[in-house]
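Coordinate analysis (summary)
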Amino acid sequence: MHSNELFIGGRWLQASTGQRIEVVAPHTEEPLAKVAAAGQDDVDNAVAAARSALDSGPWPRLQPAERIAAVRGLAALYGERRAEMAELITSEIGAPISFAQRAQVGLPAMMMTAFCDLAGAYPWREVRAGMYGADIHIRREPVGVVAAVVPWNMPQFLIVTKLIPALLAGCSVVLKPAPESPLNALLLAEMIAESDLPPGVVSVLPGDGSVGEYLVKHPGVDKVSFTGSTAAGRAVAAACAADLKRVSLELGGKSAAIVLDDADPATVATGVRSASLSNSGQICNALTRVLVPTGRADEFTDALAAEMASLVVGDPTEPATQVGPLVAQRQQERVRGYIDAGQAEGARLVTGGTAMPDGIDKGWYVRPTLFADATNSMRIAREEIFGPVLTVIPYSDEDEAVAIANDSDYGLAGSVFTEDTERGLDVAARIHTGSFGVNQGYTMDPFAPFGGVKGSGYGRELGREGIDGYTDTKSISVAAKPDTAAASVAKGA
C-alpha cells in the first residue's frame, strides 16, 4: 500500500508536509501503520487537478453510458479486494470482521452496482413541451468539483455514497478520509489508479480537521458533501454559506424505537440490537432511545437486557465477535462519561457499565449498556453517545410516544415495532425524521434515499436522490417556429 504517498491527480506523490498520521489498532492499542499527512499545498494541488479534469478533461463530456461502464470497472476491481478491505477496516477501527464483511464492505460493493443501475435509468436529458410551442430541453449536468469529507465509523460506506454518484454525474472529487481510518481510503485509491477513471477525477488526502476545513473553504470547490457531527456540520454549513457553495450534510442522530403495545419482546430485542449495536453503537442512525408502553416496560426491558448480555464482546478479528472496541481511547472515555451521567441523573443501570468486559484487559472496549426508567430530559436520552448504550423510556399512550420521539434536536432515523403494519405506517408518518423503519431498524437500501432533518442535516444520499445531489439542472428553451408560436397563442386566447 502507498502509505508514504498521497493520491493526487492520478499519481502517487509525496506529501508537502513531510508529516505522518499514526493509525492505532483499537483492539491492541498498538501502532498499526503510519501514512502521509496532507497539508494545504496538497489540497491546492488536488483541487487544481480536479478543476482541470472538470474544465478540460474528458470525464464530464463522456456519455453517461461511458461513465457507467468505467464505474462498473471500478466496482469489479473492488469486488476482487473485498476480503482485504474488510480485514483492513477491522484492524483500523475495530469493527467485528463479520460486520466488516457484510456491511462495511459488502454494502458499498452492492451500492456501486446499484448506483450504476440507477444512472442507467436516470433522466440525464429530456425534452418538455413549452406553453407556447417551444421545446424545453432539460439537461442534468455535473455540479462541479466535489469535496467529500467522511468520518471513521463507516468509512467505505460513506465514501461510496458520495464518490460513486458524483462520478456518475460527471464530477471530479477530492476525498478526505478521517485520520483514524485512512488505510481503507488509500486501498480504494489503489483501485482507482488501476481503473479507467481519467487522471485528476479523484484525489485522496488523509489529514486532520484543519485539512478538511481548508478543503471545504477552497474557492475551487463547487460542492461539499460532509458526514460527521452536528457541531462540525454547522461549521461546514457556515463556511459554504459564505461563498454560496452547494452543501449536503449527514450529521448526528438520537433515533427512537417506538415499541407499540402489541409488539413481541423477543422481536423488538433482536431488531434493536441489530440496528443499534452492530458497530459497537458507532452508527449515526442507531436506535438509542427505546420507547416502551408503561404497562409492559419490564417485559421489553428484560428482553433487551437478555439480548445485550448475550452479545460476544472481544477480538474483532474473531468471526464469533459481535461487539468490538471503540475507535479510540477518547471515544471510550466519552462513552463511559455518559454511563456515569446516566446513573447520576437517576436512570436505572440494567446491564453493562464502565468496567471492562470480562476477560478483556486491553483495548478501547465498553460493555453493552442498558438504562431503564429514564426520562427524555436526561443527557443519555438527548445527546448522541456514539457507543453501545441504549436507554429505555416508558410512555403512557401512542400520542405520548410520538411526542417523545419528536422531542429531539435530531431527526435522522427511527423505527416502530408492531404486529399491525398499517398502524406502524400511521406512526411513521407522524415522526419528524428523514428516514424510518417499520418492524426493523432503518435499512440502508441503495435504492432508498437517506438523510435527516433538524440537527441531523439536509440533503439526501442513496437512491435516485443520491445522484440528484451532484447535478445542476439546466433548462434550454428552443423558440418555436413563427407559425407554431402564432397558433399556440391563438389557441390560448
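In this text, all values refer to a predicted model and were calculated from it rather than measured experimentally.

Here is what the cut-offs are and how they apply
- Residues numbered from 1 in each chain as written.
- Predicted model: local features only at pLDDT ≥ 70, side-chain atom pairs only at ≥ 80, totals over all residues.
- Heavy atoms only, no water.
- Helix = DSSP H or I, 4+ residues; strand = E, 2+ residues; numbered from the N terminus.
- Rg over C-alpha atoms; globule rule 2.2 N^0.38 Å.
- Buried < 20%, exposed > 50% of the residue type's maximum accessible area, 1.4 Å probe, protein only.
- Contact = heavy atoms within 4.5 Å.
- Areas by Shrake-Rupley, 256 points an atom, 1.4 Å probe, with all protein chains shown as cover.
- Lys, Arg positive; Asp, Glu negative; His and termini not counted.
- Charge placed at Lys NZ, Arg CZ, Asp CG, Glu CD.
- Expected span 1.5 Å × (residues − 1).
- Pairing = 2+ DSSP bridges.
- Axes fitted to C-alpha atoms, helices over the stretch in contact; angles between N-to-C directions.
- Domains from an automatic or database assignment.
- Buried area = accessible area lost by both parts, 1.4 Å probe.
- Salt bridge = Lys/Arg side-chain N within 4 Å of Asp/Glu carboxyl O.
- Polar contact = N/O pair within 3.5 Å; in protein donor to acceptor, adjacent residues only side chain to side chain.
- Nonpolar A, V, L, I, M, F, W, Y, C, P; charged D, E, K, R; others polar.
- Parallel < 35°, antiparallel > 145°, perpendicular 65-115°, else oblique.
- Left-handed = near helix turned anticlockwise from the far one by under 90°.
- Disulfide = S-S within 2.5 Å.
- Core = buried A, V, L, I, M, F, W, Y, C linked by side-chain atoms within 4.5 Å.
- 1 Å grid on protein atoms, 1.4 Å probe; cavity = no way out; pocket = protein on both sides within 12 Å on 5 of 7 lines; lining within 4 Å.
- Points joined across faces, edges and corners; volume = space filled by probe spheres on them.

1. Looking at the overall build of the protein chain
In terms of helices and strands, the protein chain carries 16 helices and 22 strands. Over its C-alpha trace the protein chain gives a radius of gyration of 24 Å, about what one expects of a compact globule, namely 23 Å for 493 residues. Principal-axis analysis of the C-alpha atoms gives the protein chain an extent of 75 × 65 × 40 Å. Out of the 493 residues belonging to the protein chain, those deemed buried represent 58%. Of the contacts formed within the protein chain by residues at least 6 apart in sequence, a portion of 72% connects residues at least 24 apart. In the form shown here, the protein chain has an accessible surface area of approximately 19100 Å², with 51% of it arising from carbon and sulfur atoms. Separation of charge centres in the protein chain, based on 41 positive and 59 negative side chains, amounts to 7 Å.

2. Notes on helix H4 (residues 97-120)
For H4, built from 24 residues, the straight-helix expectation of 34 Å at 1.5 Å per residue is met to within 8% by its first-to-last C-alpha distance of 33 Å. With respect to burial, H4 is a largely interior element, 17 of its 24 residues being buried.

3. Examining the environment of arginine 72
Residue placement: arginine 72 occurs in helix H2 (residues 64-80). Classification of arginine 72 as partly exposed rests on a relative accessible area of 36%. With near-sequence residues (within four places) excluded, arginine 72 lies in contact with Thr113, Cys116 and Asp117.

4. Notes on the sheet that holds strand E14 (residues 348-351)
Spatial ordering of the open sheet is given by E14-E15-E16-E13-E12-E18-E19, a layout of seven strands whose pairing is mixed. Every interior strand has two partners, whereas the edge strands, E14 and strand E19 (437-438), have only one. When strand E18 (residues 414-417) meets E19, the two strands line up parallel, connected through two bridges. The residue bridging serine 415 from the neighbouring strand is glycine 437, located in E19. Along the sheet, helix H9 (residues 265-276) makes contact with strand E12 (255-259), strand E13 (287-293), strand E16 (389-395) and E18, crossing E13 at roughly 160°. Contacts from helix H11 (residues 329-344) reach E14, strand E15 (369-372) and E16, with the element oriented near 25° to E15.

5. Digging into the domain arrangement of the protein chain
Along its sequence, the protein chain is carved into domain 1 (5-251 + 456-477) and domain 2 (256-438). Its C-alpha centre places domain 1 at a distance of 31 Å from the equivalent point of domain 2. At the interface, 27 residues of domain 1 touch 28 residues of domain 2. Across the domain 1 to domain 2 interface the summed buried area is about 2100 Å²; carbon plus sulfur atoms make up 57%. Between domain 1 and domain 2 we count one salt bridge in total. Here glutamate 180 makes a salt bridge to arginine 330, at a shortest N to O gap of 2.6 Å. Our enumeration of links across domain 1 and domain 2 arrives at 10 residue pairs in polar contact (both at pLDDT 80 or more). Elements with a contribution of two residues or more to the side of domain 1 that touches domain 2: helix H3 (82-93) and H4. For the side of domain 1 that touches domain 2, the per-class residue count stands at 11 nonpolar, nine polar and seven charged.

6. So, the packing of H2 against H4
Between H2 and H4, the shortest axis-to-axis distance is 10 Å and the interhelical angle comes to 165°. The pairing of H2 with H4 is recorded here as roughly antiparallel in orientation. Note on packing geometry: the crossing formed by H2 with H4 is left-handed. Of H4, the residues touching H2 (which contributes Ile68, Val71, Arg72, Ala75 and Tyr78) are Gln104, Val105, Pro108, Ala109, Met112, Thr113, Cys116, Asp117, Ala119 and Gly120.

7. A closer look at the state of the cysteines
The final tally for this structure, using the stated rule, is zero disulfides. Not part of a disulfide, cysteine 171 finds its nearest cysteine sulfur in cysteine 240, a span of 15 Å. We classify cysteine 171 as buried; its relative accessible area is 1%.

8. Quick notes on the nonpolar core
Core analysis: the biggest nonpolar cluster contains 79 residues, and Leu163, Ile164 and Leu167 have the highest contact counts within it. Counting the residues that make up this core, at least three belong to each of domain 1 (5-251 + 456-477) and domain 2 (256-438). Beyond its immediate sequence surroundings of up to four residues, isoleucine 164 is in contact with Val71, Leu74, Met112 and Phe115.

9. A closer look at the layout of surface pockets
Its volume calculated, the largest pocket comes out at about 940 Å³. Along the walls of the largest pocket sit 39 residues, with Phe226, Thr227, Gly228, Ser229 and Ala232 positioned nearest its centre. Looking at the lining of the largest pocket, the elements with two or more residues in it are helix H7 (209-217), strand E10 (223-227), helix H8 (230-242) and H11. For the lining of the largest pocket, the element with the highest residue contribution is H8, accounting for seven residues. By residue class, the composition of the lining of the largest pocket is 18 nonpolar, 10 polar and 11 charged. Taken together, 33 residues line the second largest pocket, and the ones lying closest to its centre are Phe99, Arg102, Ala103, Ser274 and Ser278.

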